[in-house]
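So you can see what is in the structure, the chains are spelled out below.
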Amino acid sequence: MKETYLSRDFRETAAQRFPAQAKELNAAFDARLNALLAENAGAGKEKQYHLKRQILPGIAAYETLQRVMPKEEALQTVHGYVERLARTSHQQLAALLHIPGLYRLVPGVFVKSTRSVFGPAAGFAPKELQTGNGVWRVDMMECPYHDTCTEYGCPELCRCFCDSDDISYSGLHPKLIWERSMTLGRGNDRCDFCMKTIK
């Protein structure tokens with residue numbers, strides 16, 4: 001299993017904050033992650049992409065950190081890892097959108113990526129409401145981030161990933177509006193995604 005941003009950040013926390021226990025914490029993290037990967041080995045490759053890159057390392061880090069810190073602090077620590085990546089991604093996207101007119105393509109890119117990366121094969125259930133004329137509006141009725149976190153008894157962890165969307169996509173460009181009032185991870189019955197251009 002190659003390192004993910006979550007495993008790297010976890011190891012950094014272990015080394016900096018718990019140097020005496022770092023070796024033991026890394027071993028516990030690796031053992032837990034390997035067990036989670038084995039339990040989910042039957043998932044298709046589209047779902048594995050999300051499981052391996054974020055969901056399972058997130059669960060392993062969250063559970064392992066609770067050995068050395070209170071649950072809420074462990075949650076905030078993992079949230080920090082996800083948030084840092086989201087802020088970087090926001091900066092890169094915003095910089096790219098300085099290219100004149102490029103912002104107009106964003107809703108269409110979201111349509112394509114929902115169909116390829118966030119579709120039923122990956123464990124999502126997107127309901128397309130509007131996909132065209134500078135609007136991407138989708139209700140996500142099921143999500144493997146929410147389902148997997150709930151299945152492993154940590155539904156609260158899913159909010160880290162919900163928050164990362166808002167950090168990544170809010171305020172990217174003056175003529176792009178990102179909207180979402182509900183998410184499965186925050187206890188609603190769907191995620192109501194919308195990215196649209198302003199004329």
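Described in the following lines is the structure provided in the data block.

What counts as what
- Residues numbered from 1 in each chain as written.
- Predicted model: local features only at pLDDT ≥ 70, side-chain atom pairs only at ≥ 80, totals over all residues.
- Heavy atoms only, no water.
- Helix = DSSP H or I, 4+ residues; strand = E, 2+ residues; numbered from the N terminus.
- Rg over C-alpha atoms; globule rule 2.2 N^0.38 Å.
- Buried < 20%, exposed > 50% of the residue type's maximum accessible area, 1.4 Å probe, protein only.
- Areas by Shrake-Rupley, 256 points an atom, 1.4 Å probe, with all protein chains shown as cover.
- Lys, Arg positive; Asp, Glu negative; His and termini not counted.
- Charge placed at Lys NZ, Arg CZ, Asp CG, Glu CD.
- Pairing = 2+ DSSP bridges.
- Expected span 1.5 Å × (residues − 1).
- Arc of directions from axis to C-beta.
- Contact = heavy atoms within 4.5 Å.
- Axes fitted to C-alpha atoms, helices over the stretch in contact; angles between N-to-C directions.
- Parallel < 35°, antiparallel > 145°, perpendicular 65-115°, else oblique.
- Left-handed = near helix turned anticlockwise from the far one by under 90°.
- Nonpolar A, V, L, I, M, F, W, Y, C, P; charged D, E, K, R; others polar.
- Salt bridge = Lys/Arg side-chain N within 4 Å of Asp/Glu carboxyl O.

## Points about the overall build of the chain
Item 1. Along its length, the chain carries 7 helices and 4 strands.
Item 2. Across the chain, helices and strands are ordered from the amino to the carboxyl terminus as α-α-α-α-α-β-β-α-α-β-β.
Item 3. Its C-alpha atoms give the chain a radius of gyration of 18 Å, near enough to 16 Å, the size a compact globule of 199 residues would have.
Item 4. Out of the 199 residues belonging to the chain, those deemed buried represent 45%.
Item 5. When the accessible area of the chain is evaluated, it comes to approximately 10200 Å², of which 54% is carbon and sulfur surface.
Item 6. With 26 positive and 23 negative side-chain charges, the chain shows a separation of 7 Å between the mean positions of the two kinds.

## Points about the pairing of strand β3 (residues 176–179)
Item 1. The two faces of β3 differ: Leu176 and Trp178 on one face are buried, but Ile177 and Glu179 on the other face are not.
Item 2. Examined bridge by bridge, β3 and strand β4 (residues 191–197) share 4 bridges and lie antiparallel to one another. Along β4, the bridge assignment pairs Leu176 with Thr197.

## Comments concerning helix α5 (residues 106–117)
Item 1. Over its 12 residues, α5 extends 16 Å from the first C-alpha to the last, a length consistent with the 16 Å expected when each residue adds 1.5 Å.
Item 2. Among the residues making up α5, those that are buried are Val106, Pro107, Phe110, Val111 and Thr114. Buried residues along α5 cover an arc of 150° about the axis, so they all sit on one side. In α5, the exposed positions that point more than 90 degrees away from the buried face belong to Lys112, Arg115 and Ser116.
Item 3. Contacts from the buried residues of α5 go to β1 (126–132), β2 (135–140), α7 (158–169), β3 and β4.

## Some words on the packing of helix α1 (residues 5–17) against helix α2 (residues 22–39)
To characterise two packed helices, one gives the angle between the axes of the helices and the distance between these axes.
Item 1. Orientation of α1 relative to α2, taken along the N-to-C sense of each, is 155°, at an axis distance of 9 Å. One way to sum up the angle between α1 and α2 is to call them roughly antiparallel. For the pair α1 and α2, the sense of crossing is right-handed. Residue-level contacts link Ser7, Phe10, Arg11, Ala14 and Ala15 of α1 to Ala22, Leu25, Asn26, Phe29 and Asp30 of α2.
Item 2. Per-class residue counts for the contact of α1 with α2 are 6 nonpolar, 2 polar and 2 charged.

## Details of unusual backbone geometry
Item 1. Even without being a glycine, Asn133 presents a positive backbone phi close to 50°.
Item 2. Here Asn133 is to be found in the loop between β1 and β2.

## Some details on the pattern of salt bridges
Any two side chains of opposite charge can pair, given that their charged atoms come close.
Item 1. Tallied over the entire structure, the rule returns 16 salt bridges.
Item 2. Residue Glu128 is joined to Arg115 by a salt bridge in which the shortest nitrogen-to-oxygen separation is 2.7 Å. One end of the pair, Glu128, is in strand β1; the other, Arg115, is in helix α5, with 13 residues separating them in the sequence.
Item 3. On the basis of relative accessible area, Glu128 is assigned to the partly exposed category, the value being 36%.

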